[in-house]
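Here is what each chain is made of, one letter per residue.
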Amino acid sequence: MRLITGISPIITVLWILITCNLAFSKRLLFITPTPSYSHQIVFRAICLALNKRGHEIVTLNPNTINDPNLTNYTEIDFGFAYDKIDDTDTSQSRWNLTQLAGLKTRLLTLGHMISEDVLSHPDLMKYYDNTTDAHFDAVVAEMIMTPATYMLAHKFNAPLIGVMSMDLQNVHRFNLGSPVMPSHLSNWELESLTGSHVSFWKRTVNFVNTWWRIYTWFNNFANKQQRIAEKYLGKDIPHVIDVAKNMSLVLINQEPLLAYARPEIPNIIHFSKLHILKTPPALSKDLKKFLDGATNGFVYMSLGSNTKSKLLPKKTLSIFMNTFANLPYKVLWKFENDSLPVPPNIFISKWIPQQSVLAHPNIKLFIYQGGLQSTEEAVHYAVPLVGIPFVFDQVYQVMKMVSLGVARYLDIVRLTTLELQDAILEVANDKGYKDRMLELRALTKDKPYDSLENIIWWIEYVMRHNGAPHLRFNGVDNAWYQQFDLDVIVFLTIASVFISCVILSIVAWTSHKLYTRYDVGNRYIFRKKIKGE
C-alpha cells in the first residue's frame, strides 16, 4: 500500500508533464525546395530540433533522410528538382559575363518552375485540397525564389515564417521595410561594386542597378508567381507581396560577425552554424594516412558543389596544378575527376568530408569559393582562408573575411601562378592569420544562447501567439515614396528653388532699380558739369 502511495505522485507528475507537452505540441509545414545540399542541411537541423521538441513536422525538401525511427515526421520528396540544375555550373562564369547574366535570368525562370512543381506535388496537394481540413500552426517557407509558396500560410490561416540559408536580397528588404542601401558593403548582390568610399558616379550606377532589380522583381517576377499561386489556390487570394509583408519572422542563416553591420527590423532573427557537427565523421583510411603524413602541414582546396574544378579553363587548371606541385605542403583537392594525373604531394577526390578535414591538426589553410557554410566551418575550426569567389554572395563573403584579417582575396580571372603561390605561403606562414581566426572563433561562440535553441524559441513564440504582428515594421504599408520621404524631399526641393527664385528676382529687381536711379543721378550731374552749372 505504501509502495502504491509513493508511486502515485510520480505518476501524477509524469502525467502532467506529458499532458503539458502534448498540449503545446504543434504542427508545422516546412517548404524548402531549393536543390542545394548546403542549404538543406541547415533547414533539416531546424526541422529535427522542432520534432524532438514534440512537434509534428511535414516537410517538402529535395534531400529527404528517410529515417524510420522518426515519428510525427512526414517528408515530401522533392529530389527531382536536382534534375533541373544538372547542367548548371558556375566554373566559367567569371570569364563570361553573358553566361553570368544568363545564369541569373535562368534562376528566375527556375523559381517559376519550382513553384509550379511544389504546388502541383500530389503529396502536398492532399493537405491543401478543398476536400481536406488539414491544419498547420505555422508555415515555414524558403524565401530565395519561390514566393508563390507563401500562399500556403494564407490557405491554412497560419503564421508565415520565412527562412533563408543566406543573407536577404534587396527585394525582400524593401518589401519588409528594412533599409535598402545600394552602395553599402552589405549589398552582396552588387558583389565588389560597393564600398566605404564609393565615387558619386559609381554610387549613381549602384542606385540605378539596385532599384531596377527591385522594380523588375515586383512588376515581373512577383506577378508571375502570383499567377502560379492563383492557378492552384484560386483567384480569391491576396497578392504574394502582401502575404510576404505580413511574415511573422524572417530567419536568416548569417552570423552577424561574418557580415557587414547594417540596421535590421525587429522580426529578423539571425542564426548560424546549425550544420556544424559535434563530432566530425572519421576519415577514410587512405585519406587519413595522407593527412597524418603531412608533418609539414597540408592545404585543402574545394570550390563547393556548384563550381566544379574540372570545368575550370585549362590555363587556370595549369596554374593550380603547377602551384600545388611546388608547394612545401601536401595538397588535398576536391576534384570531380579521379583519373587526373597528379604529383605525389596532391590527393584528389570527388567527395571529401569537409568538416573532418578542417578539424585535422595538420591543416594550414583552406582555399575556397566563399560559400557561407564553408565560411562558418572555417571559422568554427579556426582555419585561415584564401578566397576565390565566383558568383552571388561569395564575393561579399570573401571581402568580409579579408576585412577581418583572416583571408586573402584572389581574382580567378587575373590569377597567376606567382600570385597564388604568394597568397598560400603568406597565409600559411604568417601566424597572424591563425591568431586572428582564433579570436574570431571566440567572438562567434561568445553568445548568451545556443543558436538552434534561440531559433526554436522564436518559432514556438510565433505559434504560441498565433503570429507576431507587433514585430512587423508597419511602415511597409505606406507608399514607397512615403517610406523614404521622397514626397517631402521633392516638395522641399521645389519650395527651396521657388523661394530662391523669388529672392533672386527681388534682389535683381531692387538692384535694377538702384542701378537705374544711380545711373539717372550720374547722368544729371554729368550734364550739369558739361553745361558749366
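Positions within a chain are numbered from 1, following the residues in the order the chain's sequence is written. For a predicted model such as this one, the threshold for reporting local features is a pLDDT of at least 70, and the threshold for listing and counting side-chain atom pairs is 80 or more; totals across whole chains, interfaces and linings nevertheless cover every residue. In computing side-chain values, all of the structure's heavy atoms are included and hydrogens and water are not.

Chemist: Would you mind going over the overall build of the protein with me for this structure?
Modeler: On a plain count of helices and strands, the protein comes out with 18 helices and 13 strands. Split into buried and exposed, the 533 residues of the protein put 49% on the buried side. A total accessible area of about 26900 Å² is found for the protein, and carbon and sulfur atoms account for 59% of it. Secondary structure elements are taken from DSSP: a helix is a run of H or I of four residues or more, a strand is a run of E of two residues or more, and numbering for both begins at the N terminus. A simple rule labels every residue: compare its accessible area, found with a 1.4 Å probe on the protein chains alone, to the largest value its type can have, and call it buried under 20%, exposed over 50%, or partly exposed in between. Computed with the Shrake-Rupley method and a 1.4 Å probe, the accessible areas treat only the protein chains shown as cover for residues.

Chemist: Quick question: what am I supposed to make of the sheet that holds strand β4 (residues 138-142) here?
Modeler: Strand pairing in a sheet is mediated by backbone hydrogen bonds. Such pairs are either parallel or antiparallel. The strand order across the open sheet built from seven strands is β3-β2-β1-β4-β5-β6-β7, with neighbouring strands paired in parallel fashion. Where the open sheet ends on each side, the last strands, each with one partner, are β3 (73-77) and β7 (268-271). In this sheet, neighbouring strand axes are inclined to one another by 20 degrees on average, regardless of whether the strands run parallel or antiparallel. A strand pair is defined by DSSP finding two or more bridges across the two strands. Where β4 and strand β5 (residues 160-164) come together, four bridges link them in parallel fashion. Counterpart to E142 in the pairing with β5 is V163. Note on contacts: a residue pair is in contact if any heavy atoms of the two residues lie within 4.5 Å. Convention adopted: a line fitted to C-alpha atoms gives each axis, helices being fitted over their contacting stretch, and angles between N-to-C directions are expressed from 0 to 180 degrees. The strands touched by helix α16 (residues 451-464) are β1 (27-31), β4, β5, β6 (249-253) and β7; relative to β7, the strand with the most contacts, the crossing angle is about 150 degrees.

Chemist: Can you help me understand helix α14 (residues 417-429) in this one?
Modeler: An α-helical turn contains 3.6 residues, so any two residues separated by three or four positions project in the same direction. Taking 1.5 Å of rise per residue, 13 residues should cover 18 Å, and α14 covers 18 Å from first to last C-alpha, within 8% of that figure. When we look at burial in α14, the residues that qualify are L420, A423, I424, V427 and A428. Mapping the buried residues of α14 onto a view down its axis gives an arc of 115 degrees, with all of them on the same face. More than 90 degrees from the buried face of α14, the exposed residues found are L418 and N429. Against the buried residues of α14 lie β8 (298-302), α10 (314-325), β11 (363-368), β12 (385-387), β13 (407-409) and α15 (431-445). Expected helix span is taken as 1.5 Å per residue step, with the number of steps being one fewer than the number of residues. The arc in question is the one spanned by the directions pointing from the helix axis to the C-beta atoms.

Chemist: Got a minute to help me understand the packing of helix α12 (residues 372-380) against helix α13 (residues 393-403) in this structure?
Modeler: Between two packed helices, what matters for the description is the angle formed by their axes and the separation of those axes. Where α12 contacts α13, the axes come no closer than 10 Å and their chain directions differ by 20 degrees. One way to sum up the angle between α12 and α13 is to call them roughly parallel. Of α13, the residues touching α12 (which contributes L372, T375 and V379) are D393, Q397 and M401. Throughout this entry, Asp, Glu, Lys and Arg are counted as charged residues, while Ala, Val, Leu, Ile, Met, Phe, Trp, Tyr, Cys and Pro are counted as nonpolar. The remaining residues, Gly among them, count as polar. Here the contact of α12 with α13 is composed, by residue class, of three nonpolar, two polar and one charged. Here the angle decides the label: under 35 degrees means roughly parallel, over 145 means roughly antiparallel, 65 to 115 means roughly perpendicular, and every other value means oblique.

Chemist: Even after reading the chapter, I still don't get the UniProt feature "transmembrane region" (unreviewed entry) in the protein, so can you show me in this structure?
Modeler: UniProt positions are given in the numbering used here, feature names are shortened, and annotations may be inferred rather than shown by experiment. Sequence positions flagged by UniProt for "transmembrane region" (unreviewed entry) are, in local numbering, residues 488-509. The span residues 488-509 is 100% helical and 0% strand by assignment, and the distance between its end C-alpha atoms comes to 31 Å.

Chemist: What am I meant to see in the side chain of Q225 here?
Modeler: Mapped onto the elements of the fold, Q225 is located in helix α7 (residues 200-233). Those residues within four positions of Q225 in sequence are excluded, and the remaining contacts are G111, H112, S115, M145, T146, P147 and A148.

Chemist: Explain the nonpolar core here, please?
Modeler: Side chains that are nonpolar tend, in soluble globular proteins, to be buried together. For this analysis, a nonpolar core means a set of buried residues of the types Ala, Val, Leu, Ile, Met, Phe, Trp, Tyr and Cys, connected via side-chain atoms within 4.5 Å. Counting 60 residues, the largest nonpolar core has L29, L124, L152 and F156 as the members making the most contacts within it. Broken down by element, this core gets its largest block of residues, eight residues, from α7. I348, I388, V427 and A428 belong to the second-largest nonpolar core, a separate cluster that totals 31 residues.

Chemist: Please explain the layout of surface pockets as it appears in this structure.
Modeler: Sizing a probe to match a water molecule and rolling it over the atoms shows the empty space that remains. Only protein atoms enter the 1 Å grid used here, on which a cavity is any set of points holding a 1.4 Å probe that cannot leave and a pocket is any open set flanked by protein within 12 Å on both sides along at least five of seven lines; residues with an atom within 4 Å of a point are listed as lining. Grid points are joined across faces, edges and corners, and a volume is the space filled by probe spheres set on the points. Its boundaries defined by the atoms lining it, the second largest pocket holds a volume of some 460 Å³. Lining the second largest pocket are 18 residues, with F174, W211, I214, W480 and F484 positioned closest to its centre. Sorting the residues of the lining of the second largest pocket by element identifies α6 (170-176), α7, α8 (240-245) and α17 (480-483) as the ones contributing at least two each. It is α7 that provides the largest number of residues to the lining of the second largest pocket, a total of six residues. Of the residues that constitute the lining of the second largest pocket, the class distribution is 13 nonpolar, four polar and one charged.

Chemist: Sorry if this is basic, but what is going on with the packing of α12 against α15 here?
Modeler: At a closest axis distance of 8 Å, the pairing of α12 and α15 adopts a crossing angle of 105 degrees. Relative to α15, α12 is oriented roughly perpendicular. Between α12 and α15, the residues in contact are A378, V379 and H380 and M437, L440, R441, T444 and K445, respectively. Its residues placed into classes, the contact of α12 with α15 shows four nonpolar, two polar and two charged.

Chemist: I'm lost on α7 in this one. Help?
Modeler: The terminal C-alpha atoms of α7 lie 47 Å apart, and with 34 residues this matches the ideal 50 Å at 1.5 Å per residue to within 8%. Bend at a given residue is defined as the angle between two axes, one fitted to the seven residues that end at that position and one fitted to the seven that begin there. Helix geometry: α7 is bent most strongly at W217, by close to 40 degrees. Phi for G234, located one or two positions after α7, is positive at around 95 degrees.

Chemist: Even after reading the chapter, I still don't get the environment of N306, so can you show me in this structure?
Modeler: Here N306 lies in the loop between β8 and α10. Through-space distance from the C-alpha of N306 to that of S36 is 8.6 Å; in sequence the pair is 270 residues apart.

Chemist: Whenever I open this one, the sheet that holds strand β10 (residues 346-349) confuses me. Can you help?
Modeler: With parallel pairing, six strands are arranged side by side in an open sheet as β10-β9-β8-β11-β12-β13. Only two strands of the sheet have a single partner each, and these edge strands are β10 and β13. Neighbour-to-neighbour, the strand axes of the sheet open up by a mean angle of 15 degrees, direction not taken into account. On the sheet, α14 packs against β8, β11, β12 and β13 and is oriented at approximately 140 degrees with respect to β11.

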